[in-house]
Amino acid sequence: MPASGYTYLCEFDVLKEGVPRRFEAEGVPVSLVLRGRELFAIHDVCSHSAVSLSEGEVDGCTVECRLHGSRFDLRTGRPLDPPATRPVPVYPVRVADGRVYARLAPPSAG
């Protein structure tokens, strides 16, 4: 069982390498991205145009918004390209007993 404050999102085995997957918990949309041995949880709404980031492409430790091409760092939520200028929240994530949990509040952004 994860530490207090963490919310269940999904079973770990539904995640695929480099493929963003959207989940919602406590009213918060979250995109989970598995990259090698790392698992990232980032707010699933682009700060520029309110588009789901889980519909975008993953390249290394970035996810690209499909609408205008802004890339966000999966580790910090910071935008790397315009037109986005504001970061999106990232969330601490834990895996316990084959289940994925994230701490959704308070989020940390860039």
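That block above? That's the structure.
Here's what I pulled together on the structure shown here. (Residues numbered from 1 in each chain as written. Predicted model: local features only at pLDDT ≥ 70, side-chain atom pairs only at ≥ 80, totals over all residues. Heavy atoms only, no water.)

### Some words on the packing of aromatic side chains
In this description, an aromatic ring pair is defined by two values, namely the gap between the centres and the angle between the planes. Following the criterion strictly, the structure yields one aromatic pair and no others. Centroid distance tyrosine 8 to tyrosine 101: 5.9 Å. Interplanar angle 70°. Geometry classified as edge-to-face. In this pair, tyrosine 8 is assigned in strand E1 (residues 7-11) and tyrosine 101 in strand E10 (residues 99-102), connecting sequence segments 93 residues apart. (Phe/Tyr/Trp six-rings, centres within 6.5 Å; stacked < 30°, edge-to-face > 60°. Helix = DSSP H or I, 4+ residues; strand = E, 2+ residues; numbered from the N terminus.)

### Quick word on the sheet that holds E10
An order of E1-E10-E9 is seen for the three strands of this open sheet, with the pairing classed as antiparallel. The open sheet has two free edges, formed respectively by E1 and strand E9 (93-96), since each of these has just one partner strand. Mean inter-strand twist for the sheet, computed between neighbouring axes without regard to direction, equals 30°. Sheet topology note: the E1/E10 ladder contains four bridges and is antiparallel. Residue pairing for E10: cysteine 10 is matched across the bridge by valine 100. (Pairing = 2+ DSSP bridges. Axes fitted to C-alpha atoms, helices over the stretch in contact; angles between N-to-C directions.)

### Here's the deal with unusual backbone geometry
The omega torsion of the bond from proline 82 to proline 83 falls at 15°, within 30 degrees of zero and hence cis. Within the secondary structure layout, proline 83 lies in the loop between strand E7 (71-73) and strand E8 (89-91). Unlike most non-glycine residues, glutamate 26 shows phi in positive territory, near 55°. Looking at where glutamate 26 falls in the secondary structure, it is placed in the loop between strand E2 (21-25) and strand E3 (28-35). The phi dihedral of aspartate 97 falls on the positive side, at around 55°, and the residue is not glycine. Looking at aspartate 97, the relative accessible area reads 68%, which means it is exposed. (Buried < 20%, exposed > 50% of the residue type's maximum accessible area, 1.4 Å probe, protein only.)

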